[in-house]
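Residue strings, one per chain:
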Amino acid sequence: MTVPLIDPFQRAISYLRVSVTDRCDFRCVYCMAENMTFLPKKELLTLEELDRMCSTFVRMGVEKLRITGGEPLVRRDIMTFFRSMKRHLDSGELKELTLTTNGSQLERFAGELYDCGVRRINVSLDTIDEAKFAEITRWGRLPQVMRGLDAAQEAGLRIKINAVALKGFNEDELFTLAEWCASRDMDMTWIEVMPMGDLGNEDRLTQYWSLDDLRAQLATRYTLTDLAERTGGPARYLRLEETGQKIGLITPMTHNFCESCNRVRLTCTGQLYMCLGQEDMADLRAPLRASEGDALLEQSIRDAIALKPKGHDFDYSRQEVDGQMSRHMSHTGG
Ligand code: SAM
Ligand code: SF4
């Protein structure tokens, strides 16, 4: 291993999220427009380039790799990449290889993912009502995802369900979802909706539901205990005392997690975002393509990490159009 990556605020960068495609087989209303224009293929990092990029980060101290998208499992031959990353788990340099998925392809890939060393996955699922699921994902079908969840559990993968909190949409499923997750021994996290891309916020399907309010609603039925556990990201955890279940709350709009932030995000085109809430990024594709050795890439990564900001404040007036982030989650991978 080379000298580890430490940012100017003495935070060790140990977690890399990598978007491997901007494409998806769903069109969730808060994430994508129905008629998305995707990037030309040549803009994307090839699987070999993704391997080089991730391997370089691992050599520089990244211990946790989360693969995301778009939908990571719709990228052609993505299992080649997972299989190749397994060598870093085998060597002990990488502690965890994981992914965030919409679950649509799990029936096909769960066993292979397990064989590649994946042990835990996040599956995004906002509702377990079939009609509502079709409405929110536009193109998704719930039974297919349910079969994927079954396959994942049969393969031995531990599942965390991530649900985006949407006022007037899945508010009424707060308890249903918690109980359903408990009954299947799955963890659960709620995510506050962010005004990304060109979304309007008036729509019933993209209405902001604050997690403070969600928490208050949970407290009407359960005794809640805040847990000290932190992962370096924007998640906080609480326990429902009556069931022992742990529920995560992700509030990306608040910045109370910045001081412990240990992560950076790589887009499918090789841009490195140092902070979820800021538009500053570094292009790593050019240095990667400029030479066959990794020295130039390593230096570009170090230069980028030296620019990692202390935190973000989601200052919409400064960096966004009409109060909204101009980049899509499917580009940076959420
Ligand atoms: N397709 C995969 C999936 O849905 O899990 C991975 C990519 S998706 C962009 C990653 C996460 O971002 C998902 O959990 C999704 O719900 C979340 N996400 C997308 N748009 C969002 C938004 N506007 N606000 C909050 N979360 C969002
Ligand atoms: Fe696709 Fe995930 Fe975005 Fe939904 S949230 S459109 S599944 S990338």
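Refer to the structure above for everything that follows.
Visitor: Quick question: what am I supposed to make of the pattern of salt bridges here?
Guide: Two side chains bearing opposite charge may form a pair once their charged atoms approach each other closely. Taken as a whole, this structure holds 25 salt bridges when the rule is applied. Asp-172 is the partner of Lys-132 in a salt bridge, and the nearest nitrogen-oxygen pair spans 3.1 Å. Linking Lys-132 in helix 4 (residues 130-137) with Asp-172 in the loop between strand 5 (158-165) and helix 6 (174-183), this pair joins segments that are 40 residues apart in sequence. The exposure class of Asp-172 is exposed, given its relative accessible area of 60%. Note that Arg-158 is salt-bridged to Asp-185, the shortest N-O span being 3.3 Å. With a gap of 27 residues between them, Arg-158 in strand 5 and Asp-185 in the loop between helix 6 and strand 6 (187-192) connect regions that are remote in the sequence. In this structure Arg-158 comes out as partly exposed when scored by relative accessible area, which is 34%.

Visitor: Would you take a moment to explain the environment of Val-3 for this structure?
Guide: Tracing the backbone through its elements, the reader meets Val-3 in the segment before strand 1 (15-19). A residue is classified by how much of its surface remains accessible, and Val-3, at 58% relative accessible area, is exposed. Separated by 295 residues in the primary sequence, Val-3 and Glu-298 have C-alpha atoms spaced 10 Å apart. Once you skip the residues sitting within four places of it in the chain, Val-3 turns out to touch Met-60 and Arg-302.

Analysis parameters
Residues numbered from 1 in each chain as written. Chains lettered and ligands numbered in written order. Predicted model: local features only at pLDDT ≥ 70, side-chain atom pairs only at ≥ 80, totals over all residues. Heavy atoms only, no water. Salt bridge = Lys/Arg side-chain N within 4 Å of Asp/Glu carboxyl O. Helix = DSSP H or I, 4+ residues; strand = E, 2+ residues; numbered from the N terminus. Buried < 20%, exposed > 50% of the residue type's maximum accessible area, 1.4 Å probe, protein only. Contact = heavy atoms within 4.5 Å.

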